[in-house]
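Coordinate inspection notes
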Amino acid sequence: MKLLTVVGARPQFVKAAAVSRVLRKEHREILVHTGQHYDRNMSQIFFDELHIPTPDYNLGVGSGSHAKQTASMLVGVEDILLMEKPDAVLVYGDTNSTLAAALAASKILIPVVHVEAGLRSYNFAMPEEQNRVLTDHISRVLFAPTQTAVDNLAKEGIAKGVYNVGDVMADAVFYYTKETAEQDPQELFADIEALYGSLKGVDDYYLATIHRAENTDVEEKLWEVLDAFEALDHPVIFPIHPRTRRAALARLEEKKLTNTILVAPVGYKEMLTLTQHAVKVVTDSGGLQKEAYLLETPCVTVRPQTEWVETLNGGHNVLVAPERDAIVEAVLHQEVDGTNHPDYYGKGDAGQKITDILAQEGVLS
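Below, the structure is looked at part by part. (Residues numbered from 1 in each chain as written. Predicted model: local features only at pLDDT ≥ 70, side-chain atom pairs only at ≥ 80, totals over all residues. Heavy atoms only, no water.)

1. Thoughts on the packing of helix 3 (residues 66-84) against helix 4 (residues 96-107)
Interhelical geometry of helix 3 versus helix 4 gives an angle of 45° and a closest axis separation of 8 Å. Judged by the angle between their axes, helix 3 and helix 4 are oblique. Handedness of the helix 3/helix 4 crossing: right-handed. Only Asn96, Ser97, Ala100, Ala101, Leu103, Ala104 and Ala105 of helix 4 make contact with helix 3, whose side of the interface consists of His66, Gln69, Thr70, Met73, Leu74, Val77, Glu78 and Leu81. Counted by class, the contact of helix 3 with helix 4 contains 9 nonpolar, 5 polar and 1 charged residues. (Axes fitted to C-alpha atoms, helices over the stretch in contact; angles between N-to-C directions. Helix = DSSP H or I, 4+ residues; strand = E, 2+ residues; numbered from the N terminus. Parallel < 35°, antiparallel > 145°, perpendicular 65-115°, else oblique. Left-handed = near helix turned anticlockwise from the far one by under 90°. Contact = heavy atoms within 4.5 Å. Nonpolar A, V, L, I, M, F, W, Y, C, P; charged D, E, K, R; others polar.)

What follows is the structure, given as structure tokens:
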């Protein structure tokens, strides 16, 4: 079978690495990178360290409004589809790249395969929610990461072609933590200490990522978050997303941060190490919430809702408003039930299950 996979953003590179590693043993895969994430620390470093095959095509779309990005991707992906004529198009998650590729394929009657189908925040103001819902409704095969996702699809009348295979991000976490376990984490912390001398290293910091528009476009909200970081009892390592840096660069340079370590985005393996050894994670990222859960690191999510509702059980993840006192209270007083950590996301074999199902005759019909 000839499959065309479309990726464009950092989380999708990780998911594609987990699936392509298995998929290419049995199928031919054409890899398309839309260029939605183009900064080296958000893109190329992932291809290098995760040994993802070099993309066959790179659309180089870059940044822009949602309409401009999606339209450019639609045109570019359609041209490739007409040349390559794949048996199916494989998309991941909920980005503009996901929706554009799914629409381009659906319009010319090429089956769409959606990995990470069925997630719902029920907040339609989120671009990601719009993308994932629309993609699910035009997909032929839907690989759901959890039973909750399967149930969400059923509520919308989607039952045919739905498979609960577990989460491909669990595949990635389990696979790459075996590699990082062989490395000395102190080497990473030594690099960070060069910027922040009082950091003691392992287990002496919080890890934070904040990048969503609702938390960064309104300046007052971003300062509330940063003020919370400044008030915490451990230093906060904050790999800052290019979008966040652009949104507040001038003011960030003005603000005197004494407890917050602003660093460039780090590679996936480094991020796993930072997550694994952090006291807690503070984030508005969907993927990091789940990685924290898989690595058994408590998480505080600066959002009103989460797609990964399972992480809330047992207090492993808590939701909080972007307000200084609320964040500080949640971080300092989160109660986690350490005896309750169910295996919600599979055993790290989702990529193999996806490959096996796609190999079945008639699955795309």
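2. Looking at the sheet that holds strand 3 (residues 57-58)
Reading across the sheet, the 7 strands line up as 3-2-1-4-5-6-7 and stay open at both edges, with parallel pairing between neighbours. Of all the strands in the sheet, the pair left with one neighbour each is strand 3 and strand 7 (162-164). Of the pairings in the sheet, the one linking strand 2 (residues 28-33) to strand 3 comprises 2 bridges and is parallel in character. Residue pairing in the sheet places valine 32 in a bridge with tyrosine 57 of strand 3. In the packing of helix 1 (residues 10-23) onto the sheet, contacts are made with strand 1 (2-7), strand 2 and strand 4 (88-92), and the angle to strand 4 comes to roughly 135°. Helix 15 (residues 350-359) rests against strand 1, strand 5 (112-115), strand 6 (141-144) and strand 7 of the sheet, and its axis sits at about 160° to strand 6. (Pairing = 2+ DSSP bridges.)

3. Here's the deal with the pattern of salt bridges
A side chain with one charge may pair with a side chain of the opposite charge, provided their charged atoms come close. Taken as a whole, this structure holds 16 salt bridges when the rule is applied. The partner of arginine 120 in a salt bridge is glutamate 156, and the shortest N-O contact between them spans 2.7 Å. Taken together, the positions of arginine 120 in the loop between strand 5 and helix 5 (127-137) and glutamate 156 in the loop between helix 6 (147-155) and strand 7 put the pair 36 residues apart, joining distant regions of the chain. A relative accessible area of 3% places arginine 120 in the buried class. Residues joined in a network through salt bridges with shared partners are Asp94, Glu129, Arg132, Arg303 and Glu307. (Salt bridge = Lys/Arg side-chain N within 4 Å of Asp/Glu carboxyl O. Buried < 20%, exposed > 50% of the residue type's maximum accessible area, 1.4 Å probe, protein only.)

4. Thoughts on the pairing of strand 1
Burial within strand 1 is extensive, with 6 of its 6 residues counted as buried. Neither face of strand 1 is left uncovered, since the one carrying Lys2, Leu4 and Val6 and the one carrying Leu3, Thr5 and Val7 both have all their residues buried. Pairing of strand 1 with strand 2, which is carried by 6 bridges, proceeds in the parallel orientation. Bridged to leucine 3 within strand 2 is glutamate 29. The parallel pair strand 1 and strand 2, bridged by helix 1, forms a crossover whose chirality is right-handed. Summarising the sheet, strand 1 and strand 4 pair through 4 bridges and their orientation is parallel. From the neighbouring strand, valine 6 faces strand 4, where its bridge partner is valine 91. (Right-handed = clockwise from strand over helix to strand, strands pointing away.)

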